[in-house]
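Below are the chains, spelled out letter by letter.
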Amino acid sequence: MKFSTRDLCFCAIGAALIAVCAWISIPADVPFTLQTFAIFAVCGLLGGRRGTVSVLVYLLLGAVGAPVFAGFRGGFASLLGTTGGYLVGFVPLTLIIAFAQARWGRGQWVFVLSAAAGLLVCYAFGTAWFLVAYARAAGPIGLWAALGMCVFPFVVPDLVKLALAWMLSRRLAGCLR
């Protein structure tokens, strides 16, 4: 897989956009951020392959201590905490989009359906991680309680973010390819 200098610049800009959108947050056990919007927008505009690289760069920046996560946090401990699974879950989300685009093209419905499927996988991965990390930190928690804290409040906002990213990528289609 070869990347041109242009591709690498787009990936860096994508990682920066994700970081800026992570900083726009409403604090909670699992903070409300615009990260998912940024990830959907990056994948919609740049494609799944460059979107995946953008997410990997973003996670590596955070892992080495750059304050790119919600609440201006960074460091490997953030990835190992209760919400770290949702951050790591962004990787399979983007990989699903990349796979779908490689298999069925970069059509708008391919993007929307693969992004929704990737979001479900991100929720599943993040919730499983949350259950383990929360049990270690504060004691066991039930699946429904975890879903009530970590998934149910985010479904509608994340679908709105997906719709907005879809509209943005439709509007700017072809500008960044």
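Here the structure is a predicted model, which is why all the values come from computation and not from measurement.

What counts and how
Residues numbered from 1 in each chain as written. Predicted model: local features only at pLDDT ≥ 70, side-chain atom pairs only at ≥ 80, totals over all residues. Heavy atoms only, no water. Helix = DSSP H or I, 4+ residues; strand = E, 2+ residues; numbered from the N terminus. Buried < 20%, exposed > 50% of the residue type's maximum accessible area, 1.4 Å probe, protein only. Contact = heavy atoms within 4.5 Å. Areas by Shrake-Rupley, 256 points an atom, 1.4 Å probe, with all protein chains shown as cover. Patch = residues over 30% accessible without salt bridge, like charges linked within 9 Å, V, L, I, M, F, W, Y side chains within 5 Å. Salt bridge = Lys/Arg side-chain N within 4 Å of Asp/Glu carboxyl O. Expected span 1.5 Å × (residues − 1). Arc of directions from axis to C-beta. Phe/Tyr/Trp six-rings, centres within 6.5 Å; stacked < 30°, edge-to-face > 60°. Lys NZ or Arg CZ within 6 Å of the ring centre and 35° of its normal. Core = buried A, V, L, I, M, F, W, Y, C linked by side-chain atoms within 4.5 Å. Axes fitted to C-alpha atoms, helices over the stretch in contact; angles between N-to-C directions. Nonpolar A, V, L, I, M, F, W, Y, C, P; charged D, E, K, R; others polar.

Colleague: Pulling in residues and values, what's your account of the overall build of the protein chain?
Modeller: What the protein chain contains, in helices and strands, is nine helices and two strands. Listing each helix as α and each strand as β along the protein chain from the N terminus yields α-β-β-α-α-α-α-α-α-α-α. The 177 residues of the protein chain split such that 45% are buried. Here the contacts in the protein chain between residues at least 6 apart in sequence split such that 67% fall between residues at least 24 apart. Of the roughly 8,800 Å² of accessible surface on the protein chain, 75% is carried by carbon and sulfur atoms.

Colleague: Explain a nonpolar patch on the surface to me, and be specific about the residues and the numbers.
Modeller: A cluster of nonpolar residues, Val20, Trp23, Ile24, Leu34 and Phe72, forms a patch on the protein surface that exposes about 440 Å² of accessible area. Positionally, Trp23 belongs in helix α1 (residues 5-23). A relative accessible area of 34% places Trp23 in the partly exposed class.

Colleague: Could you give me a rundown of helix α9 (residues 152-171), with the residues and numbers involved?
Modeller: If you check α9, its first and last C-alpha atoms are 30 Å apart, about what 20 residues at 1.5 Å a residue would give, namely 28 Å. Taken residue by residue, α9 has Phe154, Asp158, Lys161, Leu162, Ala165, Trp166 and Ser169 as its buried positions. An end-on view of α9 places all buried positions within 140° of arc, on one side of the element. Along α9, the residues that are exposed and aim more than 90 degrees away from the buried face are Val156 and Arg171. For α9, the elements touching its buried residues are β2 (32-33), α2 (35-46), α7 (108-138) and α8 (143-150).

Colleague: How would you explain the packing of aromatic side chains if you had to name every residue and give the values?
Modeller: Tallying each qualifying case throughout the model produces eight aromatic pairs. Look at Phe32 and Phe154: their rings are 4.3 Å apart centre to centre, the planes differ by 25°, and that puts the pair in the stacked class. Taken as a pair, Phe32 in strand β2 and Phe154 in helix α9 lie far apart in primary sequence, 122 residues in all. Overall, Phe32 belongs to the partly exposed group, its relative accessible area being 26%. Positioned above the aromatic ring of Phe3, the side-chain terminus of Arg49 is 4.4 Å from the ring centre. Its guanidinium or amino end placed over the ring of Trp166, Arg170 lies 4.9 Å from that ring's centre, counting from NZ or CZ.

Colleague: Describe the nonpolar core, with residues and values.
Modeller: Ranked by internal contacts, the top residues of the largest apolar core, which has 43 residues, are Phe40, Tyr58, Leu59 and Phe111. In terms of residue count, the dominant contributor to this core is α2 (eight residues). In this structure, Phe111 is in contact with Phe40, Cys43, Gly44, Ile97, Gln101, Leu162, Trp166 and Ser169, ignoring residues within four places of it in sequence.

Colleague: Explain the packing of α8 against α9 to me, and be specific about the residues and the numbers.
Modeller: The geometry of α8 relative to α9 is characterised by a closest axis approach of 4 Å and an angle of 35° between their N-to-C directions. The residues of α9 that touch α8, namely those facing Trp144, Leu147, Gly148, Met149 and Cys150, are Phe152, Pro153 and Phe154. Of the residues belonging to the contact of α8 with α9, the class tally is seven nonpolar, one polar and no charged.

Colleague: How would you summarise the pattern of salt bridges if you had to cite specific residues and measurements?
Modeller: Inspection of the entire model under this criterion finds three salt bridges. Across the pair Asp7 and Arg49 runs a salt bridge, and its minimum N-O distance is 4.0 Å. Pair noted here: Asp7 is in helix α1 and Arg49 is in helix α3 (residues 48-63), with a separation of 42 residues, a long-range link. Here Asp7 makes a salt bridge to Arg50, at a shortest N to O gap of 3.0 Å. Of the two residues, Asp7 sits in helix α1 while Arg50 sits in helix α3, which places them 43 residues apart along the sequence.

Colleague: Quick one: what's the story with the side chain of Thr127, residue by residue and with numbers?
Modeller: By secondary structure assignment, the location of Thr127 is in helix α7. Taking the relative accessible area as the measure of exposure, Thr127 reaches 4% and is therefore buried. The residues contacting Thr127, other than those within four sequence positions of it, are Tyr86, Leu143, Ala146, Leu147 and Val151.

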